[in-house]
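Listed below, chain by chain, are the residues.
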Amino acid sequence: MKKQKSFIYRCSACGHEEPKWLGRCPECGEWNTLIETAVTGRGGPGQGASHGGAGGNRSGGIPQSFPLSSIDPEEGSRINSGIPELDRVLGGGIMKRSAILVGGEPGIGKSTLLLQAAAAAETKGRILYISGEESAGQIRMRADRLGLLEKSAKGSGSLGERIEICCSGRLEDITALLESVKPVLIMVDSAQTLFTAEAGMVPGTVNQMKYCSFELISWVKEHDAALFLVAHVTKEGIISGPKTLEHMVDTVLYFEQNEGDSRFLRAAKNRFGSVDEIGIFTMGEKGLSAVEDTSLLFLVRREGDLPAGVATAAVLEGSRTLLVEIQALTVPAKGAMSRVFSDRIDSARVSRVAAALEKHLGLRLSDQDLYVNVAGGIRINEVGVELALGCAIYSARTGLPLPAGLVIAGELSLTGEIRPVRRLAGRIKTARGLGFDRFIGPEEGAEAVKDIKSAVRLIFVAK
Ligand code: TYD
Ligand code: MG
C-alpha cells in the first residue's frame with residue numbers, strides 16, 4: 001500500500017482539518033487552534049476512511065467520491081457486546097468504526113460495564129483495555145471478582161489472552177500499542193487521563209482530552225475497530241469537560257442512577273440507532289446485571305385505596321412499556337409567583353398540563369406551588385404520560401383519589417383534548433398483565449384494542 005507523508009492543519013478544539021493554516025477554525029470558531037500535523041495516509045479508493053466516511057480525507061491527496069451503489073453497506077459490521085441491555089441502547093450492537101462515549105458520575109459503574117463488555121463481546125479479535133485510572137492488578141482483581149476469566153464469550157478463544165491491559169494515558173504509548181495489538185475493540189478509561197506533549201504543555205486540560213480522543217477516534221475509523229471512551233461527569237463539569245467530546249463521537253451514552261439500586265443507560269446521541277431505548281441494570285456482587293421484569297420496576301404496590309395525588313401511567317421507553325406512579329402535590333405558593341418543582345418530568349411539560357387543567361376545568365393552580373415526582377426515580381420524556389400527570393395534579397388539588405387498579409395513558413393538548421398515543425394496545429396489555437383492571441386512554445386508536453378480551457374496563461375519552 002502506498003504511504004505518503006504530508007501535512008494538514010488540525011483544530012485542537014474540534015478536530016476539523018484544513019489544508020492550510022488559518023487563524024480561526026471555520027468549524028468551531030476558536031482562534032489559534034489549528035496545529036500543523038503530519039499525516040501518513042493510505043492511498044487508494046475504498047480503503048479505510050475514504051469509504052468509512054467519518055474519517056475524512058486524511059491522506060492529503062485528491063479527494064475522491066464514489067457512486068452510492070458501489071459502496072459496501074456496513075451490514076454485519078456490528079459486534080454483539082454480549083450485554084443485551086448495552087446492545088439495546090446502542091441500537092443492536094457495537095458499530096465498527098464508531099466511537100462511543102460513556103459518561104457518568106464516579107462510582108456509577110462505567111469501568112465495570114466496559115470490563116464486562118470486553119469479556120462478553122462476541123468477537124474473535126483482540127480487545128485492548130486502556131486504563132489511566134487503575135493499576136493492572138486492580139483491573140485483574142475486578143475481573144476475578146466478576147468471575148470474567150471463568151466465563152468465555154461465544155466463539156472466542158481464551159479470554160484471559162484475548163483482553164490486553166495497558167495502564168497508561170500517554171497517547172504515543174497507546175497509538176504504538178494499537179499498531180502492534182491491532183485490536184477490534186478498544187476501551188479507554190478515561191478520556192480525562194489521556195495526554196500528549198503535542199497538545200500543549202499542561203496535562204489534563206480539555207484540549208489534551210480532545211486532541212487525544214480525536215487521534216484515537218481517527219484510528220478506529222481507519223482500522224475497522226470500535227472505541228469506548230469513558231468520561232467522568234459531575235453535575236458541575238457537564239459542560240466544560242466531556243460535553244465538548246460529544247460532537248466528535250458517534251454515540252453518547254450516559255449512565256445515571258435513581259435513589260434505589262437501578263442504573264439507567266441512555267443514549268443522548270446515536271448515529272446508528274434510536275435514542276429512545278434505555279438499558280436498565282442493577283449493581284450486585286457480580287457486577288452489573290439486567291433487570292428481568294422492568295414493567296414492574298417503578299410500580300408502587302398499594303393495598304386498598306390510593307392516596308390523593310397519585311396516578312399510574314403506562315409509558316413507553318423505547319420498545320418497552322413501563323408502568324410508573326406519578327405523584328403530585330400542590331401547596332399554596334410561598335412566593336408571589338407559583339413554582340413547579342419537577343426533576344423527573346420536564347417542568348415545562350408540567351406547567352403546560354397545569355395550565356390546560358386551569359383553563360379547561362377551571363381548576364385554580366396559579367396560586368399553588370406544584371411538586372411532581374415519579375416513583376422509582378426514572379425520568380419520563382414520553383408524551384403519553386400527560387393525561388396521567390393531569391389526573392395526578394387534579395387529584396392532588398381536589399383531594400379526590402383516583403380508583404385503585406387504574407392505568408392511564410394519553411397526550412393532553414393545550415386545547416384540552418386527549419390526543420392518541422403510540423402502541424395503545426401494548427400499554428393496555430402490559431397493564432392487564434400486572435393486574436390492573438381499568439384503563440383510561442384516548443378514543444382514537446381504540447379500534448386496535450377491540451380484540452383485547454379481558455376483564456379490563458376500558459374507558460376511552462372522546463376528545
Ligand atoms: P466502577 O465501575 O469503578 O465505577 P466508575 O468507573 O463509574 O467510577 O464501580 C462502581 C461501584 O460499583 C464501586 O463503588 C464498586 C461497586 N461494585 C459492586 O458493587 N459490585 C461489583 O461487582 C463491582 C465490580 C463494583
Ligand atoms: Mg472507573
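The coordinates are above.
Everything quoted here is computed from the prediction, not taken from an experiment.

Analysis parameters
Residues numbered from 1 in each chain as written. Chains lettered and ligands numbered in written order. Predicted model: local features only at pLDDT ≥ 70, side-chain atom pairs only at ≥ 80, totals over all residues. Heavy atoms only, no water. Axes fitted to C-alpha atoms, helices over the stretch in contact; angles between N-to-C directions. Helix = DSSP H or I, 4+ residues; strand = E, 2+ residues; numbered from the N terminus. Left-handed = near helix turned anticlockwise from the far one by under 90°. Contact = heavy atoms within 4.5 Å. Nonpolar A, V, L, I, M, F, W, Y, C, P; charged D, E, K, R; others polar. Salt bridge = Lys/Arg side-chain N within 4 Å of Asp/Glu carboxyl O. Buried < 20%, exposed > 50% of the residue type's maximum accessible area, 1.4 Å probe, protein only. Pairing = 2+ DSSP bridges. 1 Å grid on protein atoms, 1.4 Å probe; cavity = no way out; pocket = protein on both sides within 12 Å on 5 of 7 lines; lining within 4 Å. Points joined across faces, edges and corners; volume = space filled by probe spheres on them. Near = heavy atom within 4 Å. Polar contact = N/O pair within 3.5 Å; in protein donor to acceptor, adjacent residues only side chain to side chain.

## Quick word on the packing of helix α8 (residues 347-361) against helix α9 (residues 386-398)
Remark: α8 packs on α9, axes separated minimally by 10 Å, with the N-to-C direction vectors making an angle of 65 degrees. Remark: the crossing between α8 and α9 carries right-handed chirality. Facing R349, V350, R352, V353, L357 and L361 of α8, the residues of α9 in contact are E386, L389, G390, I393 and Y394. For the contact of α8 with α9, the residue count by class is 7 nonpolar, 1 polar and 3 charged.

## Here's the deal with the pattern of salt bridges
For the structure shown, the criterion picks out 23 salt bridges. In this structure, E85 and R320 form a salt bridge, with 3.1 Å as the shortest nitrogen-oxygen distance. Here the residue E85 occupies a position in helix α2 (residues 84-90), and R320 occupies one in strand β16 (residues 320-332), the gap between them amounting to 235 residues. Like R320, E85 is buried. Note that R140 and D144 form a salt bridge whose closest N and O atoms lie 3.1 Å from each other. A residue pair is termed a helical-turn pair when its members lie 3 or 4 positions apart in one helix, as R140 and D144 do in helix α4 (residues 136-145) at 4 residues. In this structure R140 comes out as partly exposed when scored by relative accessible area, which is 47%.

## Let's talk about the pairing of strand β15 (residues 310-317)
β15 sits mainly inside the fold: 8 of its 8 residues count as buried. Side-chain alternation along β15 places V310, T312, A314 and L316 on one buried face and A311, A313, V315 and E317 on a second face that is also buried. In terms of strand pairing, β15 meets β16 through 8 bridges, oriented antiparallel. Bridge assignment links E317 to a residue of β16, and that residue is R320. The hairpin formed by β15 and β16 contains 2 residues between the paired strands, and G318 there has a positive phi angle of roughly 65 degrees. Where β15 meets strand β19 (residues 406-408), 2 bridges bridge the pair, whose relative direction is parallel.

## Quick word on the layout of surface pockets
Within this model, the second largest pocket holds a volume of roughly 800 Å³. Lining the second largest pocket are 27 residues, and of these Y254, F255, E256, R266 and R379 sit closest to its centre. At the level of secondary structure, the elements contributing two or more residues to the lining of the second largest pocket comprise β11 (251-257), β12 (262-270) and β15. Its residues placed into classes, the lining of the second largest pocket shows 10 nonpolar, 6 polar and 11 charged.

## Topic: the site of ligand 1
The environment of ligand 1 is formed by 16 residues, the closest being G107, S111, T112, G284 and G287. Backbone polar atom of K110 to an oxygen atom of ligand 1: 2.8 Å apart, as the coordinates give it. Residue S111 places a side-chain N or O atom 2.6 Å away from an oxygen atom belonging to ligand 1. When residues in the shell around ligand 1 are grouped by element, the largest group, 3 residues, is from helix α3 (residues 110-120).

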